[in-house]
Amino acid sequence: MKYDKIFQPIKIGRTLIKNRIALAPMNDLHQFYNPEEGTINRRWIDYFTERAKGGVGLLITGAFKVEDEITKFRQNDINIWALLKKKSIQNYSELNRYAHTYGAKVFIQLTAGPGRVVSGLSIDQGYQPISASVNHAFFRPEILCRSLETWEVDKIVEAFGKAAEIVRDAGFDGIEVHGHEGYLIDQFVTKIWNRRKDKYGGDINGRLTFPINILRSIKSAVGDDLTITYRYGARHFLKDFNNGTLDKNVAEFGRNISESIEIAKKLEEAGYDGLHIDSGCYESVYWAHPPMYMPEGLLLDYISLIKKSVTIPVIGVGKLGNPTIAEKALSENKLDMVALGRDLLSDPDWPNKVFSGREKEIRRCIGCHECMYLAETGKYLTCAVNPFCGNEGIVKYREIVNKKNVAIIGGGVAGMEAARILKIRGHNVEIFEKEKALGGHLIPASKPDFKSDLNYLFEWYKEEMKKLKIKINLNNEFKLNNEEGNNFDIYIVATGSDSINLSIDGISKDNVANSVEVLNEEKIPEGRVAIIGGGVEGCETAVWLSLKGKDVFIVEKLEVIARGIHRANRTMLLDMLKEYSIPIYTSSRAVEVNEKGLMIIDKDSNIKYEKVDSIVFAVGMKSKNSIYIELLKKGKIAYLIGDGYKPGKIADAIWQATMLCSEL
């Protein structure tokens, strides 16, 4: 077998797991919980069951709090962290029975809560954050956390034992103790946040008292009935109290790898059955939740060092969704299990496809973190490239009664997804694309090397079009007023959008382009380059040009740049801009070009001139929908999706195409 190591069984503690693939714990999908009651719903069960069907060996749930007395906090009148309660045993046991039917084992992740990284909204509503010591709250740095009393920490430790009894009675196979990412347990273990003088502070032995006492509490309650693992970060990637870093060579202000190795040895000695290694914290969130800008396998060197120091199994994460990289890491003994998070949101059949040699069919995660962004903004949660995620058992392909001839006008993401689903369901489908290749805006979007994750999606769509034998007409702008254009029952318009260019006095056509033209290398900006527009598109274009040796600066009319994406992606993008020393003018407008240079006016009417040779617009897109309007006027059955409907993200285009074409 090509991927022999991935599909070898492994034993962690008392639990035999059929392969080396784990579903990493994720807390994004809040619609699965009833946090007030401490219960899970049917969608939660269906979500995990789908991954068990897909062949995952170990399912690890997101974090459940063990108590709500000492660490009680609320946000918008809702306790947003799931609380483990006896009331949910019925639901939990149902989940476990389904998962076990498909051969998967299930660990539940238990947490002591966020501590200093509690949400800002909770603090705004009167909650005083807590921590190991008096620390600044992350989201409200002007607020100081209260240091927990010794008896309060003891109480939380005791709560883990009580929670373990619920876990055992519900039929779970194990518990993962959440000591990762700068949450409360990690605050106790880490010296920069723990300056206590009691038994829970001091040297590394004192700081490890909390997680070791948690283990003892669990063992006291359930003995050896459950496998117990501990998840923590190999490094925090902090350069000071407030700032993370992309530079691996910067002196570590938080936990370094040497201390992590020492921690691993002590946790093994204490009796933990396994370790789950990650990295990062809230200040360096892009290490904990690697965006598309991060390389694959980014943590393997650190995980490998920890694995060499212990004999218990080590689970590792960090963009391991490429089966070749996962297999190589296992073969080289860098870890014992590969934990996949969002790769199993985008394709729950990842294990089955790898096992059967269909790895080209895997729909890979694109690192956009739209799932987490939706969680942050309180919206309906799903996966950008797989809208069935979180909708298992709800969204289904409807059986067709009458096969239709469908014209897909536009071969971008929305058009390809529409064609794919309609063909799978049995309709006759034909794509009309006026350009020489499929892809639309996916082509320029995937051009920068640091966005190579998008290439996986592009290649996947091309493979799907080929596999499904979808008829594709390239270099063919759809025309309704001919025989070919009138031969369809349904028209799906996915004509996309065009870049918006602004008018600035004094500029000539020779030195002006938009970001799409630049990324497609249709126009090459020369000399000093002004990027007009500091959205994600403008910032990414600036970084790309800077990597090519261009002297770049950004002008943005709003106060903030790179809005509308998850904090991990945004923080890393901002740090990349800093790393390449790209000047940024916010709350500013580019007014004209004259002999002094580009005239920039800020919100206070201050004027500054910057030397400029080329201008690149990245100020947004405008929909192209004229064909749709024409079709409606002719009385045709037509639907408008993707950027043609409203310029948006890949997630918007795929969602619209999926929901529409699952029903047509």
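Preceding this section is the structure that the text describes.
Note that this is a predicted model, so its numbers are computed, not measured.

Q: Looking at this structure, how should I read the side chain of Lys65?
A: By the element assignment, Lys65 lies in strand β6 (residues 58-65). The buried category is assigned to Lys65, whose relative accessible area is 1%. Of the polar contacts made by the side chain of Lys65, one reaches the side chain of Asp68; its length is 3.2 Å. If sequence neighbours within four positions are ignored, Lys65 has contacts with Thr71, Lys72, Phe73, Trp81, Ala82, Leu83, Leu84, Thr111 and Gly113.

Q: What is the right way to read the packing of helix α8 (residues 257-270) against helix α10 (residues 300-308) from this model?
A: Packed helix pairs are characterised by how far apart their axes lie and by the angle those axes make with each other. The N-to-C vectors of α8 and α10 enclose an angle of 40 degrees; their axes lie 9 Å apart at closest approach. Judged by the angle between their axes, α8 and α10 are oblique. When you trace α8 past α10, the crossing you get is right-handed. On α10, the residues touching Ile257, Ser260, Ile261 and Ala264 of α8 are Tyr302, Leu305 and Ile306. In the contact of α8 with α10, the residues fall into six nonpolar, one polar and no charged.

Q: What should I look at first to understand the nonpolar core in this one?
A: Soluble globular proteins tend to bury their nonpolar side chains together. Counting residues in hydrophobic clusters, the biggest one holds 181 residues, and the most contacted among them are Phe64, Leu110, Ile175, Phe210, Leu275 and Ile492. Here this core takes nine residues from helix α4 (residues 150-169), the largest share from any one element. Setting aside residues no more than four positions away along its own chain, Leu110 makes contact with Phe64, Val66, Leu84, Phe160, Ala163, Val167, Ile175, Glu176, Val177 and His178.

Q: In this structure, what is going on with the sheet that holds strand β21 (residues 528-532)? I would like to understand it.
A: In sheet architecture, strand pairing relies on hydrogen bonds along the backbone and comes in two forms, parallel and antiparallel. Taken in spatial order, the five strands make up an open sheet running β20-β27-β21-β22-β23, and their pairing is parallel. The open sheet is flanked by β20 (512-514) and β23 (584-585), the only strands paired with a single partner. Across four bridges, the pairing between β21 and strand β27 (residues 614-617) is parallel. What sits directly across from Val529, in β27, is Ser614. With respect to the sheet, helix α19 (residues 536-547) is in contact with β21 and β22 (551-555), its orientation differing from that of β22 by roughly 170 degrees.

Q: Looking at this structure, how should I read the pattern of salt bridges?
A: Between side chains of opposite charge, a pair can form when the charged atoms approach closely. For the structure on display, the rule yields 46 salt bridges. Across the pair Lys578 and Asp575 runs a salt bridge, and its minimum N-O distance is 3.9 Å. With Lys578 and Asp575 both in helix α20 (residues 567-579) and three residues apart, this pair spans about one turn of that helix. Overall, the relative accessible area of 15% leaves Asp575 in the buried class.

Q: I'm lost on the packing of aromatic side chains in this one. Help?
A: Here the distance between the centres and the angle between the planes together describe a pair of aromatic rings. All chains considered together, the criterion is met by 26 aromatic pairs. The interplanar angle of 55 degrees and the centroid separation of 5.4 Å between the aromatic rings of Tyr230 and Tyr272 together place this pair among those described as tilted. Here Tyr230 is found in strand β11 (residues 227-233), whereas its partner Tyr272 is found in the loop between α8 and β12 (274-278), with 42 residues between them in sequence. Given a relative accessible area of 1%, Tyr230 falls into the buried group.

Q: It is not clear to me how the pairing of strand β16 (residues 428-432) should be interpreted in this structure. Could you clarify?
A: Every other side chain in a regular strand lies on the same face of the sheet, so the side chains alternate between the two faces. In terms of burial, β16 is a largely internal element, four of the five residues being buried. Two elements, strand β15 (residues 405-409) and β16, share five bridges in a ladder whose sense is parallel. What sits directly across from Ala407, in β16, is Glu430. Taken together, β15, helix α15 (residues 413-425) and β16 form a β-α-β motif whose crossover is right-handed. In the sheet, β16 pairs with strand β17 (residues 471-473) via three bridges, with the strands oriented parallel. By the bridge assignment for β17, Glu430 is matched with Lys471.

Q: Would you take a moment to explain the environment of Tyr98 for this structure?
A: By the secondary structure assignment, Tyr98 is in helix α2 (residues 89-101). Residues Tyr98 and Val543 lie 445 residues apart in sequence; the distance between their C-alpha atoms is 47 Å. In this structure, Tyr98 is in contact with Arg42, Ile45 and Thr49, ignoring residues within four places of it in sequence.

Q: Any chance you could explain helix α11 (residues 323-331) here in plain terms?
A: The periodicity of an α-helix, 3.6 residues per turn, causes residues three or four places apart in sequence to face the same way. Restricting attention to buried positions, one finds in α11 the residues Pro323, Ala326, Glu327, Ala329 and Leu330. Relative to the axis of α11, the buried residues are bounded by an arc of 160 degrees and lie together on one face. Looking at the packing, one finds that the buried side of α11 touches α10, β14 (337-340) and α13 (350-355). By the N-cap criterion, in which a side-chain oxygen at the helix start approaches the backbone nitrogen of a residue two or three places on, α11 is capped by Asn322, the distance to Thr324 being 3.0 Å. Remark: Asn333 follows α11 within two positions and exhibits a positive phi of approximately 60 degrees.

Q: Explain the packing of α4 against helix α7 (residues 209-222) to me, please; I cannot follow it from the model alone.
A: Between α4 and α7, the least distance of the axes is 8 Å, while the angle of their chain directions is 40 degrees. Between α4 and α7, the crossing angle belongs to the class labelled oblique. The handedness of the crossing between α4 and α7 comes out as right-handed. Residues Val153, Ile156, Val157, Glu158, Phe160, Gly161, Ala164, Glu165 and Arg168 of α4 pack against Phe210, Asn213, Ile214, Ser217, Ile218, Ala221 and Val222 of α7. Here the residues of the contact of α4 with α7 sort into ten nonpolar, three polar and three charged.

Q: What exactly am I supposed to notice about the sheet that holds strand β24 (residues 588-594) here?
A: The three strands are arranged β24-β25-β26 in an open sheet whose pairing can be described as antiparallel. The open sheet has two edge strands, β24 and β26 (607-610), and neither has a second partner. Between one strand and the next, the sheet's axes are offset by a mean angle of 30 degrees, whatever the strand orientation. Pairing of β24 with strand β25 (residues 597-602) involves six bridges; the strand directions are antiparallel. Looking across to β25, one finds that Asn594 is bridged to Gly597.

Q: I tried to follow α15 on my own but got confused; where do I start?
A: Counted at 1.5 Å a residue, the expected span for α15 with its 13 residues is 18 Å, and the 18 Å between its end C-alpha atoms agrees. Of all 13 residues making up α15, eleven are buried, and the element is well covered by its neighbours. Of all the positions in α15, only Val413, Ala414, Gly415, Met416, Glu417, Ala418, Ala419, Arg420, Ile421, Leu422 and Arg425 are classed as buried. Packed against the buried residues of α15 are β15, β16, α16 (442-445), α17 (453-467), β18 (490-493) and α22 (650-661). At the C-terminal side of α15, Gly426 shows a positive phi close to 115 degrees.

Q: I would appreciate a short explanation of the side chain of Ser662 in the present structure.
A: Looking at the secondary structure, you find Ser662 in the segment after α22. Excluding residues within four positions of it along the chain, Ser662 makes contact with Phe388, Val395, Lys396, Tyr397, Arg398, Ile421 and Arg425.

Q: Whenever I open this one, unusual backbone geometry confuses me. Can you help?
A: For residues other than glycine, phi is negative in most cases, and the peptide bonds are mostly trans. Of note in the backbone geometry, Phe237 takes a positive phi value of approximately 55 degrees without being a glycine. Tracing the sequence through the fold places Phe237 in the loop between β11 and α8. What makes Phe237 buried here is its relative accessible area of 0%. Here the phi dihedral of His369 falls at roughly 60 degrees; this positive angle occurs in a residue that is not glycine. Tracing the backbone through its elements, the reader meets His369 in the loop between α13 and α14 (370-376).

Basis of the calculations
Residues numbered from 1 in each chain as written. Predicted model: local features only at pLDDT ≥ 70, side-chain atom pairs only at ≥ 80, totals over all residues. Heavy atoms only, no water. Helix = DSSP H or I, 4+ residues; strand = E, 2+ residues; numbered from the N terminus. Buried < 20%, exposed > 50% of the residue type's maximum accessible area, 1.4 Å probe, protein only. Polar contact = N/O pair within 3.5 Å; in protein donor to acceptor, adjacent residues only side chain to side chain. Contact = heavy atoms within 4.5 Å. Axes fitted to C-alpha atoms, helices over the stretch in contact; angles between N-to-C directions. Parallel < 35°, antiparallel > 145°, perpendicular 65-115°, else oblique. Left-handed = near helix turned anticlockwise from the far one by under 90°. Nonpolar A, V, L, I, M, F, W, Y, C, P; charged D, E, K, R; others polar. Core = buried A, V, L, I, M, F, W, Y, C linked by side-chain atoms within 4.5 Å. Pairing = 2+ DSSP bridges. Salt bridge = Lys/Arg side-chain N within 4 Å of Asp/Glu carboxyl O. Phe/Tyr/Trp six-rings, centres within 6.5 Å; stacked < 30°, edge-to-face > 60°. Right-handed = clockwise from strand over helix to strand, strands pointing away. Arc of directions from axis to C-beta. Expected span 1.5 Å × (residues − 1).

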